[in-house]
Amino acid sequence: MNSKRKLLLGVALLSGWMGLASAQDADPTNMVRGGLQAIQMVDQGKIGDLWDGAAPATKKRVARPEFVRQVEASRSPLGAAQQRTWISVNRQMVANEDPDLAGQYVNVEYETRFANAPNRVAREMTSFRLEPNGTWRLSGYVLR
């Protein structure tokens, strides 16, 4: 999958699910819980709802119909999630001239088995960005 497509698949935003937090409050338990909430929205077909809550920077990069189409195209063939386990939580600082992209991120990765591919372990990653108002928001979802 090329990097542009990963970027398009990797932009979603779940509005305010964690409330206000300081940069030091990136509690791994809350991040895992928030990532799971976002992935469960994808499981339930609420992909458009993720985009609807997107930050303006996210909406600038991909239109709602395209986002929904791409996420559905990657997930639908796999069927329902059968087993999901979080495997890592990583924090990183991103420097970028675009203030919508620069900042602190936390990535949470899960290993998932799906009904239509029981012998394959897929990786789902959710990314969260600390917004200027102190709210952690989902900034990405990628399925590999």
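Whatever comes next refers back to the structure up there.
The present account deals with the structure reproduced in this document. (Residues numbered from 1 in each chain as written. Predicted model: local features only at pLDDT ≥ 70, side-chain atom pairs only at ≥ 80, totals over all residues. Heavy atoms only, no water.)

This next bit is on the pattern of salt bridges. Considering all chains together, one arrives at 10 salt bridges under this definition. With a shortest N-O distance of 2.7 Å, D98 and R61 are connected by a salt bridge. Taken as a pair, D98 in the loop between β1 (81-94) and β2 (103-114) and R61 in helix α4 (residues 56-61) lie far apart in primary sequence, 37 residues in all. A residue is classified by how much of its surface remains accessible, and D98, at 21% relative accessible area, is partly exposed. Classification of R61 as partly exposed rests on a relative accessible area of 27%. Of the charged contacts, one joins E111 and R123 as a salt bridge, the two residues approaching to 3.1 Å between their closest N and O atoms. Here R123 lies in strand β3 (residues 117-130) and E111 lies in strand β2, a separation of 12 residues in the sequence. (Salt bridge = Lys/Arg side-chain N within 4 Å of Asp/Glu carboxyl O. Helix = DSSP H or I, 4+ residues; strand = E, 2+ residues; numbered from the N terminus. Buried < 20%, exposed > 50% of the residue type's maximum accessible area, 1.4 Å probe, protein only.)

Looking now at the sheet that holds β2. Strands sit in the order β1-β2-β3-β4 across an open sheet of 4 strands; the sheet is antiparallel. Bordering the open sheet on either side are β1 and β4 (136-143), each of which pairs with just one other strand. Taken pair by pair, the neighbouring strands of this sheet meet at an average axis angle of 20°, ignoring direction. The sheet contacts of helix α2 (residues 28-43) involve β1, β2, β3 and β4, and relative to β2 the element is tilted by about 55°. (Pairing = 2+ DSSP bridges. Axes fitted to C-alpha atoms, helices over the stretch in contact; angles between N-to-C directions. Contact = heavy atoms within 4.5 Å.)

Turning to the environment of K46, a few remarks are in order. Relative to the helices and strands, K46 resides in the loop between α2 and α3 (47-52). For K46, a relative accessible area of 36% puts it in the partly exposed group. Linking K46 and V68, residues 22 residues apart in sequence, is a C-alpha distance of 8.9 Å.

Our focus in this paragraph is the nonpolar core. One broad rule of soluble globular proteins: the nonpolar side chains tend to lie buried together. In this structure, L50, F67, V108 and W136 are the most contacted members of the largest nonpolar core, which totals 27 residues. Among the elements of the structure, α2, α3, α5 (64-75), β2, β3 and β4 are those that each provide at least two residues to this core. Leaving out residues up to four positions away in the same chain, V108 has contacts with M31, V32, S88, V89, E124, M125, T126 and F128. (Core = buried A, V, L, I, M, F, W, Y, C linked by side-chain atoms within 4.5 Å.)

Here the focus is α5. Quick reminder: α-helices carry 3.6 residues per turn. Residues three or four places apart thus point the same way. Here α5 spans 17 Å end to end across 12 residues, near enough to the 16 Å set by a 1.5 Å rise per residue. Listed as buried for α5 are F67, V68, Q70, V71, S74 and R75. Looking straight down α5, one finds its buried side chains confined to an arc of 165°; they lie on one side. (Expected span 1.5 Å × (residues − 1). Arc of directions from axis to C-beta.)

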